[in-house]
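# Observations on the three-dimensional arrangement
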Amino acid sequence: MSPRAVIVGPPGSGKSTVGPLLAAALGVVFRDSDDDIVARTGRSISDIFAEDGEPAFRALEEEAVATALAEHDGVLSLGGGAPLTPGTRARLAGHTVVFLNVGLAAGVQRTGLSSARPLLAGVNPRATFKKLLDERVPVYREVATVEVATDDRTPAEIVAGLAAQLAVPAEAKE
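Residues numbered from 1 in each chain as written. Predicted model: local features only at pLDDT ≥ 70, side-chain atom pairs only at ≥ 80, totals over all residues. Heavy atoms only, no water.

### Section: the packing of aromatic side chains
- This model, assessed by the stated rule, comprises two aromatic pairs.
- Each ring, one from Phe-49 and one from Phe-57, has its centre 4.9 Å from the other, and the planes form 40°; the classification is tilted.
- On the accessibility criterion, Phe-49 (13% relative accessible area) is buried.
- Each ring, one from Phe-99 and one from Tyr-140, has its centre 5.1 Å from the other, and the planes form 35°; the classification is tilted. Of the two residues, Phe-99 sits in strand β4 (residues 97-101) while Tyr-140 sits in helix α7 (residues 125-143), which places them 41 residues apart along the sequence.
- Residue Phe-99 is classed as buried on the basis of its relative accessible area of 0%.
- Owing to a relative accessible area of 1%, Tyr-140 belongs among the buried residues under this scheme. (Phe/Tyr/Trp six-rings, centres within 6.5 Å; stacked < 30°, edge-to-face > 60°. Buried < 20%, exposed > 50% of the residue type's maximum accessible area, 1.4 Å probe, protein only. Helix = DSSP H or I, 4+ residues; strand = E, 2+ residues; numbered from the N terminus.)

Given below as structure tokens:
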């Protein structure tokens, strides 16, 4: 079993909006690895970060992603930092990975620099978001098989393009 598509990207890229819409367009089930972690632990992502720290959260995340990749055949959305873990990057090899790319201005606007996003909390959230993009975009590109710019596109436009691209399994295109 393998997901039809795995969605990665920074906060504000549209993973939580595009993922369910893409799943519906493809006629498959949507799953979010962050939701899996919350369900398993009974705690919010913010609480896990605050109480246990980022390394503990990343370990939970890596386990959740490994499980989802093994048992889910729909659209799977990963938390923004999931691909940072070498084990997760290795597990993504061979999967259709969609990188939803968002620029600094659009990302800041979309996230509202929310304190619910643990890695954006701090003295200068805009600078923190820029640093996050600088560090993560190369990693997202490393694991991605498809990259979609989201800044000036509606979720419906993004989904329409992706659904058309993903509608026919790769082996049928050859």
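Let's pick the thread back up.
### Things to note about helix α3 (residues 45-52)
- For α3, every residue scored as buried is listed here: Ile-45, Ile-48 and Phe-49. Within α3, the buried residues cover an arc of 100° as seen down the axis, which keeps them to one side. Seen from the open side of α3, the exposed residues pointing more than 90 degrees away from its buried face are Ala-50 and Glu-51.
- Positive phi appears at Gly-53, one or two residues downstream of α3, with a value of about 95°. (Arc of directions from axis to C-beta.)

### Some words on the UniProt feature "binding site: substrate" (unreviewed entry) in the protein
- Taking the numbering used here, the UniProt-annotated feature "binding site: substrate" (unreviewed entry) corresponds to Asp-34, Arg-58, Gly-80 and Arg-136.
- Topologically, Asp-34 is positioned in helix α2 (residues 33-41).
- Among the residues examined, Asp-34 registers a relative accessible area of 21% and is labelled partly exposed.
- Those residues in contact with Asp-34, other than ones at most four positions away along the chain, are Ile-45, Phe-57, Glu-61 and Gly-79.
- Following the sequence through the fold, Gly-80 ends up in the loop between β3 (75-77) and α5 (86-92). (UniProt positions renumbered as here; feature names shortened; annotations may be inferred. Contact = heavy atoms within 4.5 Å.)

### Side note on the environment of Gly-161
- Mapped onto the elements, Gly-161 comes out in helix α8 (residues 155-166).
- Through-space distance from the C-alpha of Gly-161 to that of Val-148 is 9.1 Å; in sequence the pair is 13 residues apart.

### What to know about the pattern of salt bridges
- Per the counting criterion, the structure on display carries twelve salt bridges.
- As a salt-bridge pair, Arg-31 and Glu-71 come within 3.0 Å of each other at their nearest N and O atoms. Here Arg-31, found in strand β2 (residues 30-32), pairs with Glu-71, found in helix α4 (residues 54-71); they are 40 residues apart in sequence, far enough to count as distant.
- You can call Arg-31 buried: its relative accessible area is 17%. (Salt bridge = Lys/Arg side-chain N within 4 Å of Asp/Glu carboxyl O.)

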